[in-house]
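Notes for the structure review
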Amino acid sequence: AQSVTQLGSHVSVSEGALVLLRCNYSSSVPPYLFWYVQYPNQGLQLLLKYTSAATLVKGINGFEAEFKKSETSFHLTKPSAHMSDAAEYFCAVSNSGGSNYKLTFGKGTLLTVNP
Amino acid sequence: DAMVIQNPRYQVTQFGKPVTLSCSQTLNHNVMYWYQQKSSQAPKLLFHYYDKDFNNEADTPDNFQSRRPNTSFCFLDIRSPGLGDAAMYLCATSSGGRFVLSGANVLTFGAGSRLTVL
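What counts and what doesn't
Residues numbered from 1 in each chain as written. Chains lettered and ligands numbered in written order. Predicted model: local features only at pLDDT ≥ 70, side-chain atom pairs only at ≥ 80, totals over all residues. Heavy atoms only, no water. Buried < 20%, exposed > 50% of the residue type's maximum accessible area, 1.4 Å probe, protein only. Helix = DSSP H or I, 4+ residues; strand = E, 2+ residues; numbered from the N terminus. Pairing = 2+ DSSP bridges. Disulfide = S-S within 2.5 Å.

This brings us to the pairing of strand 4 (residues 31-37) of chain B. Residues and elements named next belong to chain B. Burial runs high along strand 4: 7 of the 7 residues are buried. Covered by surrounding structure in strand 4 are Val31, Tyr33, Tyr35 and Gln37 together with Met32, Trp34 and Gln36, the residues of both alternating faces. If you look at the hairpin formed by strand 4 and strand 5 (residues 44-50), you'll find 6 residues sitting between the two strands, and Ser40 has a positive phi there, around 60°. By the bridge criterion, 7 bridges tie strand 4 to strand 9 (residues 87-94) in an arrangement that is antiparallel. The partner of Val31 across the bridge, within strand 9, is Ser94.

Structure below.
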């Protein structure tokens, strides 16, 4: 079985501050990991994905995430928050084993950016 | 632009009155998914089609059905909506093989259909 835990359902930062959204995963085989973003009343869009290549993954809009196997983590960061980053962020895991090719999502973290 | 389109964006229905939500795609992806997303919860997979092969999740209620008449279209039917079925319903697509690195496939989502049950 695979699962994702996102620490903190709500994160609030000031514009220009560091963004750090935490994600820990559980998987019995090497995972594929994803971050998706959801703006209000919209579907999910892919920010970035890890598929066993480089452990530091760069995504769109200045976001990046680092895969740390020893910590079973895949935290999302951005050096300087922008007002347009306010959205809900979902971490997700899948793998190539059996039925686990399907995505399992975390509960999401709502990011608020204050002026 | 190639995309995934969901209709309607907002649907209001009465308790027990059947509802159909539609999803169309121009990506020519062979896999289509339906997710249910309730407020402050993770999107939950209801079922998916791999080509015409229907795959139901074990905990998806019988009240939820789906049809895929061709590659481009997929429908979600809720036969007798209850108050607990109020949610955002997300359609997504992906391409690639089921058993070969398919876990790495990226899903493309539509904007969602928000269902309100009165």
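Moving on to the state of the cysteines. Per the stated rule, a full pass over the model turns up 2 disulfides over all chains. Here Cys23(A) engages in a disulfide with Cys91(A); their sulfurs sit 2.0 Å apart. Taking the sign of the torsion about the S-S bond as the criterion, the disulfide between Cys23(A) and Cys91(A), at about -65°, is left-handed. Of the two residues, Cys23(A) is situated in strand 3 (residues 19-26) and Cys91(A) in strand 9 (residues 87-94); the sequence distance between them amounts to 68 residues. You'll find Cys23(A) and Cys91(A) in the same group, each marked buried. Disulfide partner of Cys23(B): Cys91(B), at an S-S distance of 2.0 Å. Residues Cys23(B) and Cys91(B) share a disulfide whose torsion about the S-S bond is about -75°; that sign makes it left-handed. Residue Cys23(B) is found in strand 3 (residues 19-25), and its partner Cys91(B) is found in strand 9; the two are separated by 68 residues along the sequence. The pair Cys23(B) / Cys91(B) is uniform in exposure class, with both members buried. Here Cys74(B) is not disulfide-linked; the sulfur of Cys91(B) is the nearest cysteine sulfur, at 6.0 Å.

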